[in-house]
Amino acid sequence: MEALSRPLVSSGSIELSLSGFVWKQIDPFHVWLIYDGVSIVEKTVVGRQETLRQVLDPATSSFTRTMFQVMTGSFADLQSTFLIKPRDEDRQSEWSYELEPRDAAIRRAIGRIILSGDTYLNHIRIEESPGNYTWIELTNQRPVP
Amino acid sequence: MIESPPPWWHELIDTAGKRERASFGLFLFALMLLGMTGALRSASEPINTDMLSLVGVEGSDPVKKAATRRINHYAERQQIWIVSHPQFERAFEAAKALQADLKDSILYDLPESAALAADADILGIYESYRYQLADEVTLDLVRDGGDTALVGRVERNLYSRAMVIPADVLSEDPFLIRTHFFRNLFRTPPPFAIDRGFMAASVAGSWYYLVPARLTRGAFDFAYQTRISDFSDRLIERYEDRHQVRVVPVGVISYAIENRELALREVRLIGVLSIVMVTLLLISTFRSIYPFSAVAFTIVSSLTAGFFACLVLFQSVHLLTLIGGSSLIGISVDYSFHLLTDSFRAADGGAPSRSPGGGFSHSEERWRVTHGLKTVAPAVTLGLATSLLGFLGLSASGFRGLQEIAVFSAVGLTTAFTGLILCYPWLLAKYEPTRRGSLGLRIAKLWSGLFVRSEPGLITVAALTVLLVLIAPHQGIDNDVRLLAARTPGIERLREQSAFLAGSIVASQFIVVTGDSVEQVLRKEEELRVLLSDLTRSGAISHFNQLSRFVPSARRQAEAYELNRRLYLEPGTAIDLLSQHIGLTDAVVRRGRDAMRETSRPEPLTLAAWLESPAASLARHLWLGEIENQVTSVVTLGGIRDLKLLENQLLDVSGVRLVDNVSDMSAVFGLYVDNALRGLAVAFVLVAGLMIWRFGFRGGLFIMLAPLLSGVLTITMLMFLNEPINLFHIVGLALILGMGMDYVLFLKTSPHRSCAMLAVLMAAVTTECAFGLLSTSAVGAIHSFGLTVALGTAISFLVAPLVAKEPG
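How each quantity is defined
- Residues numbered from 1 in each chain as written.
- Chains lettered and ligands numbered in written order.
- Predicted model: local features only at pLDDT ≥ 70, side-chain atom pairs only at ≥ 80, totals over all residues.
- Helix = DSSP H or I, 4+ residues; strand = E, 2+ residues; numbered from the N terminus.
- Buried ≥ 20, exposed ≤ 12 C-beta atoms within 10 Å, placed from the backbone.
- Contact = placed C-beta atoms within 7 Å.
- Rg over C-alpha atoms; globule rule 2.2 N^0.38 Å.
- Pairing = 2+ DSSP bridges.
- pLDDT = per-residue confidence, 0-100.
- Domains from an automatic or database assignment.
- Axes fitted to C-alpha atoms, helices over the stretch in contact; angles between N-to-C directions.
- Parallel < 35°, antiparallel > 145°, perpendicular 65-115°, else oblique.
- Left-handed = near helix turned anticlockwise from the far one by under 90°.
- Nonpolar A, V, L, I, M, F, W, Y, C, P; charged D, E, K, R; others polar.
- Core = buried A, V, L, I, M, F, W, Y, C linked by C-beta atoms within 7 Å.
- Bend = angle between axes of the 7 residues up to and from the residue.

Regarding its fold elements, chain B presents 30 helices and 15 strands. Each of the 808 residues in chain B was classed as buried or not, and the buried ones make up 49%. Sequence-distant contacts, at least 24 apart, represent 82% of the contacts inside chain B between residues at least 6 apart.

What follows is the structure, given as structure tokens:
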């Protein structure tokens, strides 16, 4: 972020299924985002105390839904909200796409999303504006029974 | 017992008989005069569709009363359109389009909704006071955990996937104090949150977007209801066809329209079927158009007189009165039947009859209306008197609805009675009664013959009554004001939708906060917020909204300013700590400090200034101004699950009152029930007194057995039908008192027993038809009323012959 002199770095894991995901952030805080396709719950762990909070904020709902569509490759659903264009300039990946919001209101929060990967989705860059973005690097992806 | 009318009756009847046209003209003139007076006195809306306007909230304190009135006025004009679709974008687009359509319509004003809470123009006023805005959670956090706690919250918010923080917000508000203030400004009822200007929720696979609208006129304006109904139907169809979304309007006006349509359907049904029944009965019995015309005239004139009399006294007629009053068709014709069946005296076995002028007249003499009137005069006069006493008892209840029904029915019956004397000589001038008795007369003769000896029958009925009373299940009294509400699929659907909105529309339960000044009220609200927040966390309520969230007290604003000043300007504290933790750039830190330095201690945001701003549209309805020299605001509540707990918690909080309109109205209903019971008892005693005066002590008391047995048996039967007794059962009992007395008096005083029995039979059939139909009403009150009278009429019909034939 332009307001910050260094990036905010977090790490964790994502368990993804066809109906939803659990985004487990471990570092620097234990915060889980649980999405079941309809509702979103945030679970915070501070010491031994766990707090569950249902997230009703539509901006977050909208963002979470978008992330789910991105991670599951649901381009058909994404097309209703984003203009999707292939990108040739990313030479480190087999494929790369740029998603531009169709709605002006969404564009104020998300300028564009850039996806790239090979066998799996490896990188997600969510730009609010050129100096303000979120960069998600996905590693060690594997299917689990 | 054969009665002669008093001498003055002779004169009146003879005069009316000689001057038929003049008498008829006089009657019409009086009716016209009543009509004109009623029309002049009438309110702009002569038909009142507001069910709750019938129930006054008596004895409550003036602040509560005034607050309730203002909130009701606000709620009455509120309507919410629910737009739903499985895809949120489609629902959102449709909601935007609908908002534009409603804005273009002259039927609506569109408020700036909470939607626009995201819009900088709406919240522009807060910009000048940005360092004075902090919610209680932030202040408590700093108070309890210090600056470290506040910094920790910023970090968690930034790392959280559940909170989207735009980059420019972090630059302007690094501690996210204003961010949290605006996020907590307007509490939406779960599961709703605000999305691009609309309250939105995802429930059971569909997205629901709410578009609030305000009506330009009151919800109970009849003509406006029609326009809204037509407009809504067209809009719903268009959105389903073009946008494939479902749109549903919810609000007081939706209920009012459903109630109105139900009432009109029922009035039409009852009216049409009653008229058909009366017509068939008349034509088959008298085989002449004249009795039919005369009775039709009675029905029309009595309904008209009843309607306009209500307009004169009350300026409007309630739907409840129209439905109940339409049953007047069944009882206003009783006097006509008694007179018309007297014309069969020739066919009644050819028995000689005593002439009203003294001596006996041969039954072969042509029947004349004046002769008939002189014969039936005692019975119909006493019958009218007892009915009027019954209605007087009703009006003593204090319940506006019953008073209207009492006036409607009393004036209607009196008109029927007067019409009999003044109009029937002219209306029946060409009527030639048949000399051969109709099937009805033969049935009446047969039925009458069954009661040659009345003692065994009376003893049986009395014994049965006692037995049934002893074994009847006890049902208790039902004071629920929701009796006034109709139960139809349309209204049940509205209830489900309203429950779904749960707090998006102003409900009947809210808190009134009073104080000597605006500052005092705002501080009280802030103190109350702690208690209400606890209740929200425990689930006793789901959410609440307060004015002080939008306009913090001056004390709270000063506290917020001090906090910001300390965070930015005190050396080595929060801003530096925050910078260390998240890496704020020097530019951001410098900008924050400079801005704070340039801000001298400002004047607080005042309520007056806020009310002038666009932001006021978000919560103006929470401000009630000055009531009874008290500054007053309202705290709206949603999703109340534990009212008792809420009541108990508020008991010790001064300057705070919980308003529960439903409970208050039900309590008032209880008072009405007590008053109505007392009124009925007094009416019974007065009628007994009248009977004693007319028939002597023994005879009078014996006659009173009829309404007594009818009333007790009716209540007992209701208990067996699992009907808890309510106010409208008591109304029915008052009507049974009058009708039961009519039947007994017709039989007791008529020289032609079979003719009188035929009149009673016809009266009972028409009454059963009218009130039997009423008992099928979807409105609980009308159902109770109709069922009681239908049962009571049947019982009165069985009991009257037993009592009319006095033993020994």
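Attention now goes to the overall build of chain A. In terms of regular secondary structure, chain A is built from 3 helices and 10 strands. The linear arrangement of helices and strands in chain A, starting from the amino end, is β-β-β-β-β-α-α-β-β-α-β-β-β. Computed over the C-alpha atoms, the radius of gyration of chain A is 16 Å, within 12% of the 15 Å expected from 2.2 N^0.38 for a compact globule of 145 residues. C-alpha extents for chain A along the principal axes are approximately 50 × 40 × 30 Å. Counting every position in chain A, which comprises 145 residues, the buried fraction comes to 19%. Contacts in chain A between residues at least 24 apart in sequence constitute 17% of all its contacts with a sequence separation of at least 6.

All right, on to the interface of chain B and chain A then. With 26 residues of chain B at the contact, the number on the chain A side is 31 residues. Within the residue set of the side of chain B that touches chain A, elements represented by two or more residues are α5 (136-159), α6 (167-172), β4 (193-195) and β5 (198-203) of chain B.

A separate point is the pairing of strand β1 (residues 11-16) of chain A. Residue and element names in this part refer to chain A. When you tally the buried positions in β1, you get 0 out of 6 residues, a small fraction of the element. Both β1 and strand β2 (residues 21-27) contribute to a ladder of 6 bridges, which runs antiparallel. Paired with S11 across the two strands is D27, which belongs to β2. Hairpin remark: β1 followed by β2, antiparallel, with 4 residues in the connecting loop.

Right, let's talk about the confidence of the model for chain A for a bit. The predicted model of chain A averages 84 in pLDDT, with 95% of residues at 70 or higher. For chain A, helix α3 (residues 104-109) of chain A is the element with the lowest average pLDDT, namely 73, and β1 of chain A is the one with the highest, namely 92.

On to the domain arrangement of chain A. Domain boundaries assigned for chain A yield domain 1 (12-56) and domain 2 (73-139). Computed from C-alpha coordinates alone, the two centres of domain 1 of chain A and domain 2 of chain A are separated by 23 Å.

In this model, D27 of chain A is joined to P28 of chain A through a cis peptide bond whose omega is 5°. Tracing the backbone through its elements, the reader meets P28 of chain A in the loop between β2 and β3 (30-35). Within the chain, Q244 of chain B stands out as a residue other than glycine whose phi angle is a positive 50°. Here Q244 of chain B shows up in the loop between α8 (222-243) and β7 (246-251).

Residue and element names in this part refer to chain A. Strand order in the open sheet formed by 5 strands is β6-β7-β8-β9-β10, and the pairing between neighbours is antiparallel. In this open sheet, the two edge strands, each paired with only one partner strand, are β6 (82-86) and β10 (132-137). On average, adjacent strands in this sheet sit at an angle of 15° to one another, irrespective of strand direction. Both strand β7 (residues 95-101) and strand β8 (residues 112-117) contribute to a ladder of 5 bridges, which runs antiparallel. Residue pairing for β8: W95 is matched across the bridge by G117.

Before going further, it helps to spend a moment on the sheet that holds β3 of chain A. Residue and element names in this part refer to chain A. The strand order β1-β2-β3-β4-β5 describes an open sheet built from 5 strands, whose pairing is antiparallel. The sheet is open, and its two edges are formed by β1 and β5 (49-54), each paired on a single side. Each adjacent strand pair in this sheet contributes to an overall mean axis angle of 15°, direction not counted. With 6 bridges joining them, β3 and strand β4 (residues 40-46) adopt antiparallel strand pairing. By the bridge assignment for β4, W32 is matched with K43.

Turning to the packing of helix α28 (residues 727-749) of chain B against helix α30 (residues 780-804) of chain B, a few remarks are in order. Residue and element names in this part refer to chain B. Contact geometry for α28 and α30: axes closest at 8 Å, N-to-C directions at 25°. As summarised for this structure, α28 and α30 are arranged roughly parallel, according to the angle between their axes. The way α28 lies across α30 gives a crossing that is right-handed. Class assignment of the residues belonging to the contact of α28 with α30 gives a composition of 17 nonpolar, 8 polar and 1 charged.

Residue and element names in this part refer to chain B. Ranked by size, the top nonpolar core spans 132 residues in total, and within it V731, A734, V744, V760 and A800 carry the most contacts. With near-sequence residues (within four places) excluded, V760 lies in contact with Y743, F746, L747, F797 and A800. With 62 residues, the next largest nonpolar core counts L532, I541, L605 and V635 among its residues.

In this section: the packing of helix α22 (residues 554-569) of chain B against helix α24 (residues 586-598) of chain B. Residue and element names in this part refer to chain B. The interhelical angle for the contact between α22 and α24, taken along N-to-C directions, is 135°, at an axis separation of 9 Å. Between α22 and α24, the angle falls in the class oblique. Once α22 is placed against α24, the crossing between them reads as left-handed. Along the contact surface, α22 presents N564, R565, Y568 and L569, while α24 presents G592, R593, M596 and R597. Here the contact of α22 with α24 is built from residues that sort into 3 nonpolar, 2 polar and 3 charged.

The subject of this paragraph is the environment of R77 of chain B. Residue and element names in this part refer to chain B. Topologically, R77 is positioned in the loop between α3 (62-76) and β2 (78-85). Overall, the presence of 20 C-beta atoms within 10 Å leaves R77 in the buried class. Each C-alpha atom, one on R77 and one on Y108, is 9.6 Å from the other, the two residues being 31 residues apart in sequence. The residues contacting R77, other than those within four sequence positions of it, are R214, L215, G218 and A219.

Another point: the pairing of β8 of chain A. In this structure, β8 of chain A lies alongside strand β9 (residues 121-129) of chain A, joined through 6 bridges in antiparallel fashion. Across the sheet, S116 of chain A pairs through a bridge with H123 of chain A, a residue of β9 of chain A.

It is worth spelling out the confidence of the model for chain B at this point. Residues and elements named next belong to chain B. Of all residues in chain B, 89% have pLDDT values of 70 or greater, and the mean over the chain is 83. Confidence over residues 114-118 falls short of pLDDT 50; this stretch has 18 contacts with residues more than four positions distant or in other chains. Counting contacts from residues 350-363, a segment whose pLDDT is below 50, to residues more than four positions away or on other chains yields 23 contacts. What the predictor reports for the complex is a pTM of 0.73 with an ipTM of 0.88.

What follows deals with helix α14 (residues 369-395) of chain B. Its axis deflected by about 55° at V376 of chain B, α14 of chain B carries its strongest bend there, up to four residues before the proline P378 of chain B. For α14 of chain B, a buried count of 24 out of 27 residues is recorded, marking the element as mostly surrounded by other parts of the structure.

Now for the environment of L705 of chain B. By the secondary structure assignment, L705 of chain B is in helix α27 (residues 661-720). With 136 residues separating them in the primary sequence, L705 of chain B and L569 of chain B have C-alpha atoms 93 Å apart.

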